[in-house]
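# Summary of structural features
In case you want the letters, here they are:
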Amino acid sequence: MNKWLRIGKLILLGLFGLIVIIAIGLLLYYQSIYKETPLPTETAAKPSLSNCILPSDKPVLLPIPKKLVWTSGTFKLPNPLTFSAIASEVETIKKVCKNRFNTEGVASA
């Protein structure tokens, strides 16, 4: 009986060692063939407003446009300026309205 327990124990240890060796081999193999796939331009991350407020001679546009062509002319913003945004960006947009647009920003409900 004792002999069979030893044999069973050795078989289980051998199987466990084989599984570990196979797992390490697969990890090394997949790491060697991995290539990072670039995201399409449509899914690129949009900049956060709190990270993109920089002094500029151009006005801040909300929402941030994908394409822009500057022309001459003016547009008068209403006072107060009502906007809709996620909660984490509301204070930043209010600061932009006050500092850059010279108008009060009010978040809509």
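For the structure itself, look to the data block above.
Here the structure is a predicted model, which means the values were calculated and not measured.

Quick look at the environment of proline 80 now. Its place among the elements puts proline 80 in the loop between α1 (2-33) and β1 (81-83). Distance from proline 80 to cysteine 97, taken between C-alpha atoms, is 9.3 Å for residues 17 residues apart in sequence. Setting aside residues up to four positions removed in sequence, proline 80 forms contacts with Thr103, Glu104 and Val106.

Before going further, it helps to spend a moment on unusual backbone geometry. The omega torsion across asparagine 79 and proline 80 is 5°, close enough to zero to call that bond cis. Its identity as a non-glycine residue notwithstanding, asparagine 102 has a phi of 60°, on the positive side.

Those residues of helix α2 (residues 90-99) lying buried are Val90, Thr92, Ile93, Val96 and Cys97. Down the axis of α2, the buried side of the element spans an arc of 160°, and every buried residue falls inside it. Those residues of α2 that are exposed and aimed more than 90 degrees away from the buried face are Lys95, Lys98 and Asn99. Check the buried side of α2 and you find it contacts β1 and β2 (105-107).

This part covers a nonpolar patch on the surface. Nonpolar side chains collect at one region of the surface, where Trp4, Ile7, Ile11, Leu12, Leu15, Leu18, Ile22, Leu26, Tyr29, Tyr30 and Ile33 lie side by side and expose about 1,200 Å² of accessible area between them. If you trace the backbone, isoleucine 7 turns up in helix α1.

With respect to the element layout, lysine 94 can be found in helix α2. You can call lysine 94 partly exposed: its relative accessible area is 32%. When the C-alpha positions of lysine 94 and valine 106 are compared, they lie 7.0 Å apart, and in sequence the two are 12 residues distant. Setting aside residues up to four positions removed in sequence, lysine 94 forms contacts with Phe83, Gly105 and Ala107.

Basis of the calculations
- Residues numbered from 1 in each chain as written.
- Predicted model: local features only at pLDDT ≥ 70, side-chain atom pairs only at ≥ 80, totals over all residues.
- Heavy atoms only, no water.
- Helix = DSSP H or I, 4+ residues; strand = E, 2+ residues; numbered from the N terminus.
- Contact = heavy atoms within 4.5 Å.
- Buried < 20%, exposed > 50% of the residue type's maximum accessible area, 1.4 Å probe, protein only.
- Arc of directions from axis to C-beta.
- Patch = residues over 30% accessible without salt bridge, like charges linked within 9 Å, V, L, I, M, F, W, Y side chains within 5 Å.
- Areas by Shrake-Rupley, 256 points an atom, 1.4 Å probe, with all protein chains shown as cover.
- Salt bridge = Lys/Arg side-chain N within 4 Å of Asp/Glu carboxyl O.

Limitation: the analysis is restricted to geometry and does not speak to function.
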